Amino acid sequence: MTGIGAGRLAIELIEATKRYGETIALDGVSLGIEPGEFFCLLGPSGCGKTTTLNLIGGFIPLTAGELRIEGRRVNDLPPHRRNVNTVFQNYALFPHMTVAQNVAFGLRMARLDGRETERRVAEYLDLVGLSALRARSPAQLSGGQQQRVALARALARRPAVLLLDEPLGALDLKLRKQMQVELSRIQRQVGTTFVFVTHDQEEALSMATRIAVMSDGRVVQSGTPREIYYRPVDRFVADFIGESNFLEGHLAADGGARRVRFRDGGAVIVPSELPVGLARAGAVTLMVRPECVSVGTTAPEGQWATLTGRVINVAFLGNHTRVTVQTAAGAVVTLRPHSEGSRSAALDGLLDQEVCVWWSPQESTVVASDTGGGADGSLA
Amino acid sequence: MDPIQTMPVSPYARLVRAVLRTWALVVLAFLYLPIAFLVLFSFEESRTPGLPITGLTLHWYEKMISNGILLGAVWNSILVAVAATTLATIIGTMAAFPLVRGGIRFPNVARILFTLPIMLPGALIGVALLLFFRRVLDAELSFWTVIAGHLVFTTPYIVLIVGARLQGFDRMLEWAAADLGASPARVLRHIVLPLIAPAIMAGALISVTLSIDEFVITFFTVGPQLTLPIYIYTQIKFGVTPEVNAVATVLLVGTMAVLGLSWLMAGQARRISGLIGSRGGAGR
Ligand SMILES: Nc1ncnc2c1ncn2[C@@H]1O[C@H](COP(=O)(O)OP(=O)(O)OP(=O)(O)O)[C@@H](O)[C@H]1O
Ligand SMILES: [Mg+2]
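This is a predicted model, so every value here is computed, not measured.

Cut-offs applied
Residues numbered from 1 in each chain as written. Chains lettered and ligands numbered in written order. Predicted model: local features only at pLDDT ≥ 70, side-chain atom pairs only at ≥ 80, totals over all residues. Heavy atoms only, no water. Disulfide = S-S within 2.5 Å. Buried < 20%, exposed > 50% of the residue type's maximum accessible area, 1.4 Å probe, protein only. Near = heavy atom within 4 Å. Polar contact = N/O pair within 3.5 Å; in protein donor to acceptor, adjacent residues only side chain to side chain. Areas by Shrake-Rupley, 256 points an atom, 1.4 Å probe, with all protein chains shown as cover. Helix = DSSP H or I, 4+ residues; strand = E, 2+ residues; numbered from the N terminus. Pairing = 2+ DSSP bridges. Salt bridge = Lys/Arg side-chain N within 4 Å of Asp/Glu carboxyl O. Contact = heavy atoms within 4.5 Å. Buried area = accessible area lost by both parts, 1.4 Å probe. Nonpolar A, V, L, I, M, F, W, Y, C, P; charged D, E, K, R; others polar. Core = buried A, V, L, I, M, F, W, Y, C linked by side-chain atoms within 4.5 Å. Domains from an automatic or database assignment.

Visitor: Which parts of the structure should I look at to understand the state of the cysteines?
Guide: Between two cysteines, a covalent bond joining their sulfur atoms is known as a disulfide. All names here are of chain A. Evaluation of the coordinates by the stated rule reveals 0 disulfides over all chains. No disulfide involves Cys40; its nearest neighbouring cysteine sulfur is the one of Cys47, lying 12 Å away. Note on Cys40: relative accessible area 0%, which makes it buried. For the unlinked cysteine Cys292, the closest cysteine sulfur is that of Cys356, found at 18 Å.

Visitor: It is not clear to me how the site of ligand 1 should be interpreted in this structure. Could you clarify?
Guide: Residues and elements named next belong to chain A. Around ligand 1 sit Tyr20, Ala25, Ser45, Gly46, Cys47, Gly48, Lys49, Thr50, Thr51 and Glu166, and those are all the residues in its vicinity. One nitrogen or oxygen atom from the side chain of Lys49 is found 2.8 Å from an oxygen atom belonging to ligand 1. In the environment of ligand 1, an oxygen atom lies 3.4 Å from a nitrogen or oxygen atom belonging to the side chain of Glu166. Burial of ligand 1 by the protein chains amounts to 60% of its free accessible area of 640 Å². Take the shell around ligand 1: its biggest share by element is 3 residues, from helix 1 (residues 49–57).

Visitor: For this particular structure, what's the right way to read the sheet that holds strand 2 (residues 23–33) of chain A?
Guide: Neighbouring strands of a sheet are bound in pairs by backbone hydrogen bonds; such pairs are parallel or else antiparallel. All names here are of chain A. Ordered by their spatial adjacency, 4 strands build an open sheet running 2-1-4-5, and the pairing between neighbours is antiparallel. The open sheet has two edge strands with one neighbour each: strand 2 and strand 5 (72–73). Relative to strand 5, strand 4 (residues 64–69) runs antiparallel, the two being bridged by 2 bridges. In the sheet register, Ile69 faces strand 5, and the bridge partner there is Arg72.

Visitor: I tried to follow the pattern of salt bridges on my own but got confused; where do I start?
Guide: Pairs can form between side chains of opposite charge whenever their charged atoms are close. Across all of its chains, the model carries 20 salt bridges over all chains by this definition. As a salt-bridge pair, Arg310 of chain A and Asp352 of chain A come within 4.0 Å of each other at their nearest N and O atoms. Taken together, the positions of Arg310 of chain A in strand 16 (residues 305–316) and Asp352 of chain A in the loop between helix 9 (343–348) and strand 19 (354–359) put the pair 42 residues apart, joining distant regions of the chain. Look at Arg310 of chain A and you get partly exposed, because its relative accessible area is 39%. Classification of Asp352 of chain A by relative accessible area gives partly exposed; the value is 46%. One salt bridge in this structure joins Glu174 of chain B and Arg171 of chain B, with 3.0 Å as the shortest N-O distance. Of the two residues, Glu174 of chain B and Arg171 of chain B both sit in helix 8 (residues 171–179), 3 residues apart, roughly one turn of that helix. For Arg171 of chain B, a relative accessible area of 42% puts it in the partly exposed group.

Visitor: Help me understand unusual backbone geometry, please; the structure alone is not making it clear to me.
Guide: Negative phi values dominate among residues other than glycine, just as trans dominates among peptide bonds. Residues and elements named next belong to chain A. Backbone geometry places Tyr91, a non-glycine residue, at a positive phi of 75°. Among the structural elements, Tyr91 can be located in the loop between strand 6 (84–87) and helix 2 (99–109). Taking relative accessible area as the criterion, Tyr91 reaches 0% and is therefore assigned buried. Even without being glycine, Arg158 reaches a positive phi, approximately 50°. By the secondary structure assignment, Arg158 is in the loop between helix 4 (143–155) and strand 7 (161–165). Owing to a relative accessible area of 35%, Arg158 belongs among the partly exposed residues under this scheme.

Visitor: Honestly, the pairing of strand 10 (residues 218–223) of chain A in this entry has me stumped. Any pointers?
Guide: Note on strand geometry: in a regular strand, side chains alternate between the two faces of the sheet. Sheet analysis places strand 9 (residues 210–215) of chain A next to strand 10 of chain A, joined by 5 bridges and oriented antiparallel. Looking at strand 10 of chain A, one finds that Ile211 of chain A is bridged to Gly223 of chain A.

Visitor: Is there a simple way to explain the interface of chain B and chain A in this structure?
Guide: Often, the extent of an interface is quoted as the loss of accessible area upon association of its parts. Across the contact, 25 residues belong to chain B and 29 residues belong to chain A. For the pair chain B and chain A, the two sides together bury roughly 2,500 Å², of which 67% comes from carbon and sulfur. For the pair chain B and chain A, the number of links is 0 salt bridges. Going through the elements one at a time, helix 8, helix 9 (184–212) and helix 12 (242–278) of chain B are the ones with two or more residues in the side of chain B that touches chain A. Here the side of chain B that touches chain A takes 7 residues from helix 8 of chain B, the largest share from any one element. Among the residues making up the side of chain B that touches chain A, the classes are represented as 15 nonpolar, 5 polar and 5 charged.

Visitor: Looking at this model, I keep getting lost on the nonpolar core. Mind explaining?
Guide: Note on soluble globular proteins: their nonpolar side chains tend to be buried together. Residues and elements named next belong to chain A. Membership of the largest hydrophobic core comes to 47 residues, with the highest contact counts inside it found for Leu151, Leu155, Leu162, Leu164, Leu183, Phe196 and Ile211. Examining the composition of this core, we find that 6 residues originate from one element, helix 4, more than from any other. Once you skip the residues sitting within four places of it in the chain, Leu155 turns out to touch Tyr124, Leu127, Leu162, Ile186, Val190, Thr192 and Phe194.

Visitor: It is not clear to me how the environment of Thr85 of chain B should be interpreted in this structure. Could you clarify?
Guide: All names here are of chain B. Tracing the sequence through the fold places Thr85 in helix 4 (residues 68–101). On the basis of relative accessible area, Thr85 is assigned to the buried category, the value being 6%. For the pair formed by Thr85 and Thr154, sequence separation is 69 residues and the distance between their alpha carbons is 7.1 Å. Not counting the four nearest positions on each side in its chain, Thr85 is found in contact with Val80, Ala204, Ser207 and Val208. For Thr85, the side chain forms a polar contact with the main-chain oxygen of Ala81, separated by 2.7 Å.

Visitor: Quick question: what am I supposed to make of the environment of Met109 of chain A here?
Guide: Considering the arrangement of structural elements, one finds Met109 of chain A in helix 2. Sequence separation between Met109 of chain A and Arg157 of chain A is 48 residues, and the spatial gap between their C-alpha atoms is 9.7 Å. If near-sequence neighbours (up to four positions away) are discounted, Met109 of chain A is found in contact with Arg157 of chain A together with Leu180, Gly181, Ala182, Arg186 and His190 of chain B.

Visitor: What am I meant to see in the domain arrangement of chain B here?
Guide: Residues and elements named next belong to chain B. Entries for chain B in the domain assignment read domain 1 (8–41) and domain 2 (62–283). Relative to domain 2, the C-alpha centre of domain 1 lies at a distance of 33 Å. Each partner contributes residues to the interface: domain 1 has 4 residues there, and domain 2 has 5 residues. Taken together, both faces of the contact between domain 1 and domain 2 bury some 380 Å²; the carbon and sulfur share is 73%.

In structure tokens, the structure reads:
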């Protein structure tokens, strides 16, 4: 059914824009989603995630731009003719039908014959582990079970793309973790392209093959979880996902290696590859993740970015210790895991000591300071 | 504990409460005592009912059943009620959609215009219809004019009841159905209509009870035919007979039964919407 379509995108948004009167919900978003991906749309509330999903589902019309599903322009196609299905945030199960009838609904609408419908209902209820509850009404199900019915109902039509709008949002933490694992398994098993909306960065990092980070109706960055985490294009992304040290300074060419020089003294080596547009010297922000930063009384030999400073706080956090060092570049936070026995006790003694902090230049990222969070910093 | 229960109260509170309770009983008695006597007198042996009761009999009911004119009137009333209700249900349900879901220019004005006939005096509607049929359309008064007259006051109830149900309808269910491949017509057929069916039924049953015993508007719009309320009225002119009491009792029981049924329907509608409301967050 899908065809060979090598290199054909499952979903393609081209300069997609959605306006509600004066409000711009989506501002010229371009995105390509490959077949078989588990693609996450991640961003704070109101950034346009649901809008994007509703556009793909066909529930709201585009103001401008183009939407393609499996290579075909579908701007004007009504929802019931699109080869995508949706798992709604509140599940939207039909209250006057049983679990099995809910799952069968989409198949009836596709005019599948009775035997095939029955077979598929059984197959997909089995996939989500609800075969025993097929005769129940939705009201007799727990939140997690309703969620699974919604999933089976959408998957039973074997769509090219499955859209999920914060499907785990209504579940409590434990069930949520369980369903994350479950969803990943189901996605691998059926191989359908998933487009998953969440504002939970951990959920996105753990499940997605690729993530698009959105802000104010734009896609700020898209890439694999690792790229997003270790190579954020700007301060917004670095701040939104995980924790990061932000050190303000100036980019300076310094003999061979380029460095970031800080106002109160000190300089560190920067990655050999810098974002395009940062070739000229200027105000920059250097970002490095706390777990990439080491701390000790003396810095090791070699190509490290090193700063000296004074330990102002040591916090024991169970499986790791958090050390805050005041340096010329500002406060630098490091997270040290407790993997090597007595290491944590040794860290306690560092309080008020003069120490060095160092990291590999390749694990830091430099962006221009004056960009307030725009989309201009693509990685070289 | 609820603060209202431990609040210091006036020393006369007990007295006030007793007086109010008595007053409520008096009002209820005033409302229902005449009906109770009507039922009682329908079983009275004597031709001139009154207190004290002389004896109980089913004689008047037998007489009622063998009265051809009366049965004809009942049959006419049922025909009118069914025809008017069917039309009112279709028109009212169709009207409720744009009224609730917008897509019309002046929704509030439209809503008031659709429900105003409930508030208008029956005599006014009756006279207006009579003038309209006779002087504007130049039509003979007949069965059809009665049905048209009944539409005027039954349709608003359908609009109100179905509209209330649509108001609370979760549009996401329609999105979900469309998402699963249902065309707009099939969304209506498989999702919307089944879910608002209890409200439509409740509205229809109320419409039947209203139509069956409507007197004023029928009186102005009816031709030579007799409906049940008109029959009772003509009989009463010659004095109350126990037979009329029997007819009224049957009418009362029938109306109560239909209202009870519509109440059950509405309850079912509420239960289903309760399910819709509790979906999602309730899970554990
Ligand atoms: N029907 C509408 N009319 C007007 N503005 C709307 C409408 N729907 C969405 N918006 C606006 O569009 C923007 C994006 O909304 P959207 O629902 O896509 O956000 P979201 O990323 O899904 O947020 P959340 O995480 O809170 O669900 C918001 O500013 C919102 O106020
Ligand atoms: Mg949303």
